[in-house]
Amino acid sequence: MFFQNFRYSLIFLFLVIFIFSSAPPASAWAQEHPNQFRQLEGELPSPNHYRTASGAPGPAYWQQKVDYEMVIKLDDAHQRLYGTETIVYHNNSPDPLAYLWLQLDQNRRSRDSISALTSTGRLSETMSFRAIKRLHNDFDGGFKIEHIRDQNGKDLPYAVIHTMMRVDLPETLKSGDSFTFNIKWWYNINDRSKQGGRSGFYFYENDGNYVYTIAQFFPRLAVYDEAVGWQHKQFLGSGEFTLPFGNYRVSITIPADHIVGATGELKNAAEVLSAAQHDRLKQARRGTDSPVLIVTQEEAEANEKSPAESSKTWIFEAENVRDFAFASSRKFIWDALALKFGERTVLNMSFYSKEGNPLWGKYSTRAVAHAVEVYSRFTFDYPYPAAISVLSGRGGGMEYPMISFNGGKPETDGTYTEGLKYSLIGVIIHEVGHNFFPMIVNSDERQWGWMDEGLNTFMEYLAEQEWSRKFSEGNGPAYTVIDYMKGDKSRIDPIMTGADIDRNLGANAYAKTAAGLNILRETILGRKLFDYAFKEYARRWMFKHPKPADFFRTIEDASGMDLDWFWRGWFFGTDHVDLAIEDVKWYKASTGDPKLDKATRYDRENLKRRQYVSNIRNAKEIAESAVEKNKALEDFYDTHDPKEVYPLDEKEYRDYLASLTEEEKALLKSGHNYYQIDLANTGGMVMPVILKFTYADGSESVERIPAEIWRRTNDRVSKVFVTKKEILNVQLDPFLETADIDERNNRWSIEGNPAYFKLRKDKRSQPMNTMQRSRKK
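Residues numbered from 1 in each chain as written. Predicted model: local features only at pLDDT ≥ 70, side-chain atom pairs only at ≥ 80, totals over all residues. Heavy atoms only, no water.

Broken down by element type, the protein chain carries 23 helices and 31 strands. Each principal axis of the C-alpha atoms in the protein chain carries an extent, and together these give about 125 × 90 × 65 Å. Put simply, the protein chain has 777 residues, and 51% of those count as buried. Considering only contacts in the protein chain between residues 6 or more positions apart, those separated by 24 or more positions represent 75%. Split by element, the accessible area of the protein chain, about 38,100 Å² in all, is 51% carbon and sulfur. The positive charge centre, built from 99 side chains, and the negative charge centre, built from 107, are 4 Å apart in the protein chain. (Helix = DSSP H or I, 4+ residues; strand = E, 2+ residues; numbered from the N terminus. Buried < 20%, exposed > 50% of the residue type's maximum accessible area, 1.4 Å probe, protein only. Contact = heavy atoms within 4.5 Å. Areas by Shrake-Rupley, 256 points an atom, 1.4 Å probe, with all protein chains shown as cover. Lys, Arg positive; Asp, Glu negative; His and termini not counted. Charge placed at Lys NZ, Arg CZ, Asp CG, Glu CD.)

Written as structure tokens, this is what we have:
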């Protein structure tokens, strides 16, 4: 029995091997591009009671809270910052915590940081002084921690691991409890013109004054959540910040002639401003049509000339923010413009030196207000009391809650190019827009740069278009990412790549993400449906910590559309879009009338015969054919008229008409044109099919086919279109909506005459005879 069963098992095994080895192999294209419409669950984390399958926070969702009270001193003589902070950490998680992790971002500037030790470079025959100076950098950067103590003054053990610090708690912090401790520190402020960086100082040699833009200046808590535990990835430079929400009270002592802009609300304006300046601030809060100068250029220039030796302390408070930053300088001009949200007033403000005028005085604060208004319309009403733009002294921009540091100055004579103007307005809109993403919709920047930069770049594009019809389209429209997407795939990473390892962070996190959202809005979902879903995502995750799956699921949940194919191709993949028209076949329905059909068929075939080059030449070069020489070779087929209609032809036509219904006869006589368009997906990334038809009478029409046309065969599909008018030209993606990298295969001209198909009677619709009925029974 054993051997018999074994024998049967062997036979079955060989049979299985034979069947699978005999099966035709999948095409190379199919192997390289598996079906894009398969579900995405395998790539996304499983939903749970913290984060639901709809993309919303679940009933058990929680997040930590951290409150700070800081006393800061800015040393303008030595460019140092000294600080003490009292931190209250609230453990809202269900987990007991034995230690806390804090971010020490300034440590990236220490000589032995991971960033410094792993920086790479190459030498060439010509090197810039700036590049060589960086190799000789002797800046003593990084936090100098003096002590960490509990609220009773007892030292707490801690360990500094590069840009992260673990503070060991004296006892386990239980769920629902809080822990208070104090840190004292200082650090040397970096020169942004030499060491670069998101914050630091900028020195104006012409008058000997500094502009300080200060951020990442205090040890601050890392995020602890249910998805990753402690987010303590080291700060290497590209992956930005992941921070919990909390309340801040910050006292900043600076030279008495400095003006300060900061996160939050100024609580002692009467003490630090002159009476006239305080009155102007109150006037701005009441609301005006144009920005109010709180500190004039004349007052700023007076401060520049005679630096004060005394000091003042500015006090700011901020509620429910994830971070704190400030700017300080005696060079600052300060203006403000109020924006109303119901009973609330948002003060839009700018702080800038005279070197920024006339550009900054004319545009900065209005650009701030414009960004706040437009972003609010697409997401939620801006919840904070202030939004600030600061001239940092160098190019680029950087964002923090309620305040941003932006570059861009006119020439010394006050002139500026059109490009500089729109660049400045664009960077202000972008950095102020970051208040929404990620300062309020608080994603994990350290890991997923696209969740704030991409969404914000998309929103920036919308706001720029509302600012001026002349605004350039640097990022946003689909066609702006074509050059990137058609690049060498071995050097391109998916959007869903960690910020610190993404080789194309700028292209992926900013440009490709923004273009993808524009494609969703303009082409796949439409504006109304997309705007509703996008707003729902922002509303759901306002003041919370969303993950990528929460975004993907919310957009699908609120739009009612399965977009797994789009997330997979655009965010998880590197395939480009290249749809092509492979062929267009033009048909008409044969009427069945032998008089028309024979004539049409003869004319079509004779036309081809006359057009063929060999036949054209033979007509001239062959003086007389063999049949023409010898009439004995002729028969019926040489002498009959191919257009002649015979009685049998007419009988068949009468019988054919008699079998048709009135509806079928009308269809037969309608004269419609039928076009079979064969499409190929040569790029791998599927997209909706947008076709523009140009007709013989000069008119045009557009057909929009959803991407689901590719759901069964991702590489090739054919579709038939029925038109009353004849089509001359077909164009694919006529409005550059899909980031198709090759326009050359997107056009087809239809020439010549149509082919004809015969309409036969559907056998299922014909009446059954007696024999058929008996068989059916």
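Still to come is the rest of the account.
The subject of this paragraph is the nonpolar core. Core analysis: the largest hydrophobic core is formed by 193 residues, its most contacted members being Trp185, Phe217, Trp450, Phe551, Phe566 and Trp570. The element that contributes the greatest number of residues to this core is helix 9 (residues 359-378), accounting for 10 residues. (Core = buried A, V, L, I, M, F, W, Y, C linked by side-chain atoms within 4.5 Å.)

Take a nonpolar patch on the surface next. Together, Leu123, Met127, Ile132 and Leu135 make up an exposed nonpolar region whose accessible area comes to about 400 Å². In this structure, Leu135 sits in helix 4 (residues 129-135). (Patch = residues over 30% accessible without salt bridge, like charges linked within 9 Å, V, L, I, M, F, W, Y side chains within 5 Å. Salt bridge = Lys/Arg side-chain N within 4 Å of Asp/Glu carboxyl O.)

Along the chain, the position of Thr365 falls in helix 9. Apart from the residues lying within four places of it in its own chain, the contact partners of Thr365 are Pro291, Asp335, Ala336, Leu337, Asn348, Met349, Ser350 and Trp360.

For an α-helix, the turn length of 3.6 residues means that residues three or four places apart are oriented alike. When the terminal C-alpha atoms of helix 10 (residues 418-433) are compared, their 22 Å separation across 16 residues agrees well with the 22 Å that a helix rising 1.5 Å per residue should span. Along helix 10, 12 of the 16 residues are buried, which leaves the element largely enclosed by surrounding structure. Of the residues making up helix 10, those classed as buried are Lys421, Tyr422, Leu424, Ile425, Gly426, Val427, Ile428, Ile429, His430, Glu431, Val432 and Gly433. Contacts made by the buried residues of helix 10 are with helix 9, strand 21 (386-391), strand 22 (397-400), strand 23 (403-406), helix 11 (450-467) and helix 13 (505-524). (Expected span 1.5 Å × (residues − 1).)

The next point concerns empty space enclosed by the protein. Any space left empty among the atoms is revealed by the rolling of a water-sized probe across them. In this structure the tally under the stated criterion is four cavities of 30 Å³ or more. If you add up the space inside the largest cavity, you get close to 140 Å³. Lining the largest cavity we find 16 residues, and of these Gly264, Leu266, Phe316, Trp334 and Met349 sit closest to its centre. Partitioning the lining of the largest cavity into residue classes produces 12 nonpolar, two polar and two charged. (1 Å grid on protein atoms, 1.4 Å probe; cavity = no way out; pocket = protein on both sides within 12 Å on 5 of 7 lines; lining within 4 Å. Points joined across faces, edges and corners; volume = space filled by probe spheres on them. Nonpolar A, V, L, I, M, F, W, Y, C, P; charged D, E, K, R; others polar.)

A few words now on the environment of Trp450. Along the chain, Trp450 falls in helix 11. When its relative accessible area of 2% is taken as the criterion, Trp450 is described as buried. With 47 residues separating them in the primary sequence, Trp450 and Thr497 have C-alpha atoms 9.2 Å apart. In this structure, Trp450 is in contact with Leu455, Ile495, Met496, Ala509, Thr513, Pro548, Phe551, Phe552 and Phe571, ignoring residues within four places of it in sequence.

Let us look at the packing of helix 10 against helix 11. At a closest axis distance of 9 Å, the pairing of helix 10 and helix 11 adopts a crossing angle of 130°. Comparing their axes, helix 11 and helix 10 come out oblique. Where helix 10 crosses over helix 11, the handedness of that crossing is right-handed. Two secondary-structure elements touch here, helix 10 through Tyr422, Ile425, Gly426, Ile429, His430 and Gly433 and helix 11 through Glu453, Asn456, Thr457, Glu460, Ala463, Glu464 and Trp467. Residues that form the contact of helix 10 with helix 11 fall into these classes: five nonpolar, five polar and three charged. (Axes fitted to C-alpha atoms, helices over the stretch in contact; angles between N-to-C directions. Parallel < 35°, antiparallel > 145°, perpendicular 65-115°, else oblique. Left-handed = near helix turned anticlockwise from the far one by under 90°.)

A few words now on the confidence of the model for the protein chain. Looking at the protein chain as a whole, the pLDDT averages 90, with 91% of positions reaching at least 70. Every residue in residues 10-24 is under pLDDT 50, and counting partners more than four places away or in other chains gives zero contacts. (pLDDT = per-residue confidence, 0-100.)

In this section: the environment of Ala116. Turning to its location among the elements, Ala116 is positioned in helix 3 (residues 114-118). Residues Ala116 and Leu236, 120 residues apart in the sequence, show an inter-C-alpha distance of 9.1 Å. When residues no more than four places from it in sequence are discounted, the contact partners of Ala116 are Ser110 and Arg111.

This next bit is on unusual backbone geometry. Asn357 connects to Pro358 through a cis peptide bond whose omega is 5°. Checked against the element boundaries, Pro358 lands in the loop between strand 20 (344-352) and helix 9. Cis geometry marks the peptide bond from Phe437 to Pro438, where omega comes out at 20°. With respect to the helices and strands, the residue Pro438 is situated in the loop between helix 10 and helix 11. Positive phi, normally seen in glycine, also occurs at Asn320, with a value near 55°. Along the chain, Asn320 turns up in strand 17 (residues 311-321).

With that settled, the discussion passes to the sheet that holds strand 31 (residues 755-758). Reading across the sheet, the four strands line up as 28-25-24-31 and stay open at both edges, with mixed pairing between neighbours. In this open sheet, the two edge strands, each paired with only one partner strand, are strand 28 (716-723) and strand 31. When the angles between neighbouring strand axes are averaged without regard to direction, this sheet yields 35°. Strand direction decides the pairing type here: strand 24 (residues 579-590) and strand 31, joined by four bridges, are parallel. From the neighbouring strand, Ser590 faces strand 31, where its bridge partner is Lys758. (Pairing = 2+ DSSP bridges.)

As a further point, take the side chain of Thr723. Along the chain, Thr723 falls in strand 28. Reaching out from Thr723, the side chain makes a polar contact with the backbone oxygen of Lys725 at a distance of 2.6 Å. (Polar contact = N/O pair within 3.5 Å; in protein donor to acceptor, adjacent residues only side chain to side chain.)

Where burial is concerned, most of strand 4 (residues 144-150) is hidden: five out of the seven residues are buried. Where strand 4 meets strand 7 (residues 178-188), six bridges bridge the pair, whose relative direction is antiparallel. Residue pairing across strands places Lys144 opposite Trp186, the latter belonging to strand 7.

Moving on to the packing of aromatic side chains. With the rule as written, the count across this model stands at 57 aromatic pairs. For the ring pair Phe235 and Phe241, a centre distance of 5.3 Å and an interplane angle of 50° mean the geometry is tilted. Of the two residues, Phe235 and Phe241, both sit in the buried class. In this structure an aromatic cluster arises from ring pairing among Phe37, Trp450, Tyr537, Phe551, Phe552, Trp565, Phe566, Trp567, Trp570, Phe571 and Phe572. For Lys512, the ring lying beneath its charged end belongs to Trp570, and the centroid distance is 5.5 Å. Above the plane of the ring of Tyr695 lies Lys725, whose end atom (NZ or CZ) is 4.6 Å from the centre. (Phe/Tyr/Trp six-rings, centres within 6.5 Å; stacked < 30°, edge-to-face > 60°. Lys NZ or Arg CZ within 6 Å of the ring centre and 35° of its normal.)

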